[in-house]
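Given next are the chains, with one letter for each unit.
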Amino acid sequence: MELLNLHRIVDVTAAEGPGLRCAVWTQGCSVRCPGCFNPQTWTTRGGALVPWQELVSRVLAIDGIEGVTLLGGEPFDQPEPLGLFAAAVREAGLSVMTFTGHVLEELPPSKLLDSTDLLVDGPFLADRPETSRPWVGSVNQRFHFLTDRYDESIFTTPNRLELTIAPDGAIELNGFATTEVLEALLEGDHR
């Protein structure tokens, strides 16, 4: 049984890809982009080891999502178990969006790549911020429509920032917001 090393799961989000999705952050990253939003995911220590079949069961029990987004860490550091997971959820009718700090041309063939509908590739470059396309942090990052599930119409989706406060008071944040949106929130302008 192959285990996934996971950092975090958000069962339902509108901030991590097209439509409502389950977002899965992996633990461990060999790319380690300077200025990364999630440096806590770089080490392989500290994650939760989960059988890929268990994650499939969890995701398929979520009502109302159209797909899964795999983020990192670096998903392609775990291509075998994530590939099995991605193939299973796609077979059940969900879409798969995968982010990677590698470029497509350098990724070896894998079940994960074969089971991805929408791939976002390229390292995060802190000195080249993206301001027009959703979900990406720098202008070099590319969208690859690997199936006909999505097309460029997704670029009209606005970036979103989601804040969750758990019953124990723990605060979790996910999504992406421009500096302007963050400044407006801090100033009390809740557009």
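Since we're looking at a predicted model, the values are computed, not measured. Residue numbers restart at each chain and count upward from 1, following the sequence in its written direction. In keeping with the model being predicted, local features are shown solely for residues with a pLDDT of at least 70 and side-chain atom pairs are shown and tallied solely at 80 or more, while totals for entire chains, interfaces and linings include all residues. With hydrogens and water stripped out, all remaining heavy atoms of the structure feed into the side-chain values.

Participant: How do you make sense of the overall build of the protein when you look at a structure like this?
Facilitator: The helix count covers DSSP runs of H or I at least four residues long, the strand count covers runs of E at least two residues long, and both are numbered beginning at the N terminus. Scanning the protein from N- to C-terminus turns up four helices and nine strands. Start at the N end of the protein and walk to the C end: the helices and strands fall as β-β-β-α-β-α-β-α-β-β-β-β-α. Radius of gyration: over C-alpha atoms. The globule rule applied is 2.2 Å multiplied by the number of residues raised to the 0.38 power. The C-alpha atoms of the protein give 16 Å as radius of gyration, which agrees with the globular expectation for 191 residues (16 Å, within 12%). Dimensions along the principal axes, computed over C-alpha positions, put the protein at roughly 50 × 40 × 35 Å. For the protein, with 191 residues in total, the buried portion stands at 46%. Total accessible area on the protein is roughly 9,900 Å²; 54% of this is exposed by carbon and sulfur atoms. Relative accessibility thresholds used throughout: buried, under 20% of the residue-type maximum; exposed, over 50%; partly exposed, between the two (1.4 Å probe, protein chains only). All accessible-area figures derive from a Shrake-Rupley calculation using a 1.4 Å probe, and residue coverage is judged against the displayed protein chains alone.

Participant: Would you mind going over helix H1 (residues 52-60) with me for this structure?
Facilitator: One turn of an α-helix holds 3.6 residues; hence residues three or four places apart share an orientation. For H1, every residue scored as buried is listed here: Trp52, Leu55, Val56 and Val59. Projected onto a plane normal to the axis of H1, the buried residues spread over an arc of 105° and lie on a single side. Turned more than 90 degrees from where H1 packs its buried face, Glu54 and Ser57 sit exposed. The contact rule is simple, with two residues in contact once any of their heavy atoms fall within 4.5 Å. Those residues of H1 that are buried lie in contact with strand E1 (3-13), strand E2 (21-26), strand E3 (48-51), strand E4 (67-71) and helix H2 (79-91). The arc in question is the one traced by the directions running from the helix axis out to the C-beta atoms.

Participant: Is there a simple way to think about the packing of aromatic side chains in this case?
Facilitator: The way to describe two aromatic rings as a pair is by their centre distance and the angle between their planes. Pairing of aromatic rings covers Phe, Tyr and the six-membered ring of Trp, with a centre-to-centre limit of 6.5 Å; geometry is then stacked below 30 degrees between planes, edge-to-face above 60, and tilted otherwise. Taken as a whole, this structure holds four aromatic pairs when the rule is applied. Ring centres of Phe37 and Phe124 lie 4.9 Å apart, and the angle between their planes is 40°; on these two criteria the pair is classed as tilted. With a gap of 87 residues between them, Phe37 in the loop between E2 and E3 and Phe124 in the loop between strand E6 (118-121) and strand E7 (142-145) connect regions that are remote in the sequence. For Phe124, a relative accessible area of 13% puts it in the buried group. A connected cluster of aromatic rings, assembled from ring pairs, spans Trp135, Phe143, Phe145 and Phe155. By the criterion adopted, a ring carries a charge over it if an Arg CZ or a Lys NZ lies within 6 Å of its centre and within 35 degrees of its normal. Above the face of the Trp25 ring, Arg8 is positioned so that its terminal group lies 4.9 Å from the ring centre.

Participant: Looking at this model, I keep getting lost on the nonpolar core. Mind explaining?
Facilitator: Most often, soluble globular proteins keep nonpolar side chains buried together rather than apart. The set of buried Ala, Val, Leu, Ile, Met, Phe, Trp, Tyr and Cys residues whose side-chain atoms join them within 4.5 Å is what this entry labels a nonpolar core. With 24 residues, the main nonpolar core has Leu55, Val59, Val68, Leu70, Phe85 and Val89 as its most contacted residues. At the level of elements, E1, E2, H1, E4, H2 and helix H3 (111-114) are the ones that each hand at least two residues to this core. Beyond its immediate sequence surroundings of up to four residues, Val89 is in contact with Val56, Val59, Leu60, Val68, Leu94 and Val96. Of all hydrophobic cores here, the second largest spans 13 residues; its members include Leu71, Phe99, Phe143 and Tyr150.

Participant: Whenever I open this one, the pattern of salt bridges confuses me. Can you help?
Facilitator: Between side chains of opposite charge, a pair can form as their charged atoms come close. Each salt bridge in this description consists of a side-chain nitrogen of Lys or Arg and a carboxyl oxygen of Asp or Glu lying within 4 Å of one another. Taken as a whole and assessed by the stated rule, the structure comprises five salt bridges. Its salt-bridge partner being Glu105, residue Arg142 comes within 2.7 Å of it at the nearest N-O pair. Of this pair, Arg142 sits in strand E7 while Glu105 is found in the loop between strand E5 (95-99) and H3, placing the two residues 37 residues apart along the sequence. Using a relative accessible area of 30% as the deciding quantity, one classes Arg142 as partly exposed. Here Glu105 falls in the exposed class, since its relative accessible area comes to 58%. Put simply, Glu130 and Arg133 hold a salt bridge, and the shortest N to O gap is 2.9 Å. Note on accessibility: Glu130 and Arg133 belong to one class, buried. Connected through salt bridges with shared partners, the residues Glu105, Asp121 and Arg142 form a single ionic network.

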